[in-house]
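So you can see what is in the structure, the chains are spelled out below.
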Amino acid sequence: PCAVSGSMAIDTQNIYVTCRGQYDAQADSWINGTIHKIPKSGASSSLLVTLSGRANTIFAYNGDLYWGEFFTYQKNTASIRRMSANGGTVQILATGLKVARDLTVQDGTVFWVEAGGGTGFVRKVSTQGTSFQTLKQTTQEANTIAVDANFIYWSEYPVSGNTDHIMRRCRT
């Protein structure tokens with residue numbers, strides 16, 4: 001569905017793909033990213049939504065899609081968004097964020113990690129857009145996240161020097 005894909009998610013019937021869109025060098029901003037729906041049956045893909053910015057990560061949960069959308073790496077312009085997996089109105093759940101590198105959804109809560117400028121955050125918000133909370137500010141850029149019933153796990157990587165990933169955890 002696109003020249004350069006960004007991230008994928010699946011549910012029982014479909015694959016969802018984010019497409020990067022275009023980079024406007026003059027404005028230092030990403031524009032016109034898209035999300036496409038591809039039936040697992042092999043039928044043709046369909047465009048679900050054209051974004052203002054670029055979706056960096058996506059997750060399918062209970063008939064909805066959740067993604068992190070951003071415009072530029074240098075400013076706090078990112079947001080966490082939600083939309084029905086069938087298309088429709090996009091709801092902003094959290095805004096004013098760094099770039100959301102990865103996200104997951106569990107038990108009605110969206111968890112994500114942000115990175116930018118050498119530091120990051122581990123955050124959460126309800127799937128309805130309430131109860132926004134910063135769980136941890138990281139000393140390095142947070143990159144991936146996983147959640148179980150008791151803990152949140154994430155990886156960090158330094159922006160210079162050592163390239164080893166560091167796994168962290170905290171209570172949900």
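About the criteria used
- As a convention, each chain's residues are numbered from 1 in the sequence order in which they are written.
- The predicted origin of the model limits local features to residues at a pLDDT of at least 70 and limits the giving and counting of side-chain atom pairs to 80 or more, whereas totals for whole chains, interfaces and linings rest on all residues.
- The side-chain figures draw on all heavy atoms in the structure; neither hydrogens nor water molecules are used.
- What counts as a ring pair is set by centres within 6.5 Å for rings of Phe, Tyr and Trp (its six-membered ring), and what kind of pair is set by the plane angle: stacked under 30 degrees, edge-to-face over 60, tilted for all other angles.
- In DSSP terms, a helix is any run of H or I states spanning at least four residues, a strand is any run of E spanning at least two, and both are numbered starting from the N terminus.
- A 1.4 Å probe rolled over the protein chains alone gives each residue an accessible area, and that area as a share of the maximum for its type sets the label: buried under 20%, exposed over 50%, partly exposed in between.
- By definition, being over a ring means that NZ of Lys or CZ of Arg is both within 6 Å of the ring centre and within 35 degrees of the ring normal.
- By definition, pLDDT measures how confident the predictor is in each residue, and it falls between 0 and 100.
- Two strands are said to pair when DSSP picks up at least two bridges between them.
- Fitted lines through C-alpha atoms serve as axes, helices being fitted only where they are in contact, and the angles separating the N-to-C directions of these axes extend from 0 to 180 degrees.

Here we take up the packing of aromatic side chains. Under the counting rule described, the total for this entry stands at three aromatic pairs. Aromatic pair Trp-112 and Phe-132: ring centres 6.0 Å apart, planes at 35°, arrangement tilted. Remark: Phe-132 occurs in the loop between β13 (119–126) and β14 (133–138) and Trp-112 occurs in strand β12 (residues 109–116); sequence separation between them is 20 residues. By relative accessible area, which is 0% here, Trp-112 ends up buried. Directly above the ring of Phe-121 sits Arg-123, whose terminal nitrogen or CZ lies 3.9 Å from the centroid.

In this model, the protein carries an average pLDDT of 86, and 90% of its residues clear a pLDDT of 70 or more. The least confident element of the protein is strand β17 (residues 166–171), whose mean pLDDT is 70; the most confident is strand β9 (residues 78–84), at 94.

Bringing the sheet that holds strand β8 (residues 64–70) into the picture now. What the four strands build is an open sheet, ordered β7-β8-β9-β10; its pairing is antiparallel. Only two strands of the sheet have a single neighbouring strand rather than two, namely β7 (54–61) and β10 (91–97). Averaged over all neighbouring strand pairs, the angle between strand axes comes to 15°, with direction disregarded. Here β7 runs beside β8; their pairing, made up of seven bridges, is antiparallel. Bridge assignment links Ala-55 to a residue of β8, and that residue is Glu-69.

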